[in-house]
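Spelled out from the first residue to the last, the chains are:
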Amino acid sequence: MADPYPDFAPTDMPATLTSLRTDAIRLTHDDVAYEPLADDASLGALLFALDLLGRDAFDLAAMRYADRVTLGPALEAARQYGLILRRHVARANRGAPLLPAAVKLDQAHAWVHAAAAAVPEAERDRFCWRLARRLGADPWGDGRPAIALANQQFGMFDEGFAAMEAREAAAASVAGELVAEVPASERDVVSSVGSERLADPEH
């Protein structure tokens, strides 16, 4: 079955967890560090967002022994929160939450926002638009935006996401056209000249 959320499709590189001195956790995935994650719930929401709920998403054997002992149980607990979110957003009745009796809707809402707050600022908009799309239409059942951070709101059908995607596609297209205009026989020469100029600031 194809991944219904290709924007967060897993890569071949496993994610890693690191303990921070503040009793928080850093998650690193695809060269992006998400921190600080202060509790299992926010970590679980991030696992859901990045599609890292599978047990093969982390290479625990490669972790330091001290981290493996402390973070292994935290990761397992976090998975449970992520699975709760995944079940909730997949519900057929969008007007009613699908959460365990002990979990309030506002708590699930807070998990998602804590995860989004851990995203580096340079990556945050992209992350929030894509997570909003993953959360689906009216994820909280009351008309609230999927995510609201620093006076910015993100929703599944907002035009902002489409505009961002269009800009990125246009930039990639222009870059491809520029490369295509350079004859193949000259590309190595251009690259070599560029390297020499970087190495010699006099020119």
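Peer 1: Help me understand the pairing of strand β1 (residues 16-19), please; the structure alone is not making it clear to me.
Peer 2: For a regular strand, side chains alternate in direction, first toward one face of the sheet and then toward the other. With four bridges connecting them, β1 and strand β2 (residues 25-29) associate as antiparallel partners. By the bridge assignment for β2, S19 is matched with I25. Linking two consecutive strands that pair antiparallel, namely β1 and β2, is a turn of five residues; a positive phi of about 65 degrees is found at D23 within it.

Peer 1: Please clarify how the confidence of the model for the protein chain should be interpreted in this entry.
Peer 2: Caution applies to low-pLDDT parts of the model: their predicted coordinates are not meant to be read in detail. Scored by pLDDT, the protein chain has a mean of 79; 69% of the residues are at 70 or more. Taken as a whole, residues 1-6 scores under 50 in pLDDT and shows five contacts with residues more than four places along the chain or in a different chain. Residue range residues 189-203 is modelled with pLDDT below 50. Its contacts to residues more than four positions away, or to other chains, number one contact.

Peer 1: Looking at this structure, how should I read unusual backbone geometry?
Peer 2: Note on backbone geometry: most residues besides glycine have negative phi, and most peptide bonds are trans. A cis amide bond, omega -10 degrees, links E35 with the succeeding residue P36. Assignment of secondary structure puts P36 in strand β3 (residues 32-37). In this model, D31 sits at a positive phi of 65 degrees, which is unusual for a non-glycine residue. The topology assignment puts D31 in the loop between β2 and β3. We classify D31 as exposed; its relative accessible area is 71%. Its identity is not glycine, yet D51 carries a phi of approximately 60 degrees, on the positive side. Note that D51 resides in the loop between α1 (40-49) and α2 (65-89).

Analysis parameters
- Residues numbered from 1 in each chain as written.
- Predicted model: local features only at pLDDT ≥ 70, side-chain atom pairs only at ≥ 80, totals over all residues.
- Heavy atoms only, no water.
- Pairing = 2+ DSSP bridges.
- Helix = DSSP H or I, 4+ residues; strand = E, 2+ residues; numbered from the N terminus.
- pLDDT = per-residue confidence, 0-100.
- Contact = heavy atoms within 4.5 Å.
- Buried < 20%, exposed > 50% of the residue type's maximum accessible area, 1.4 Å probe, protein only.

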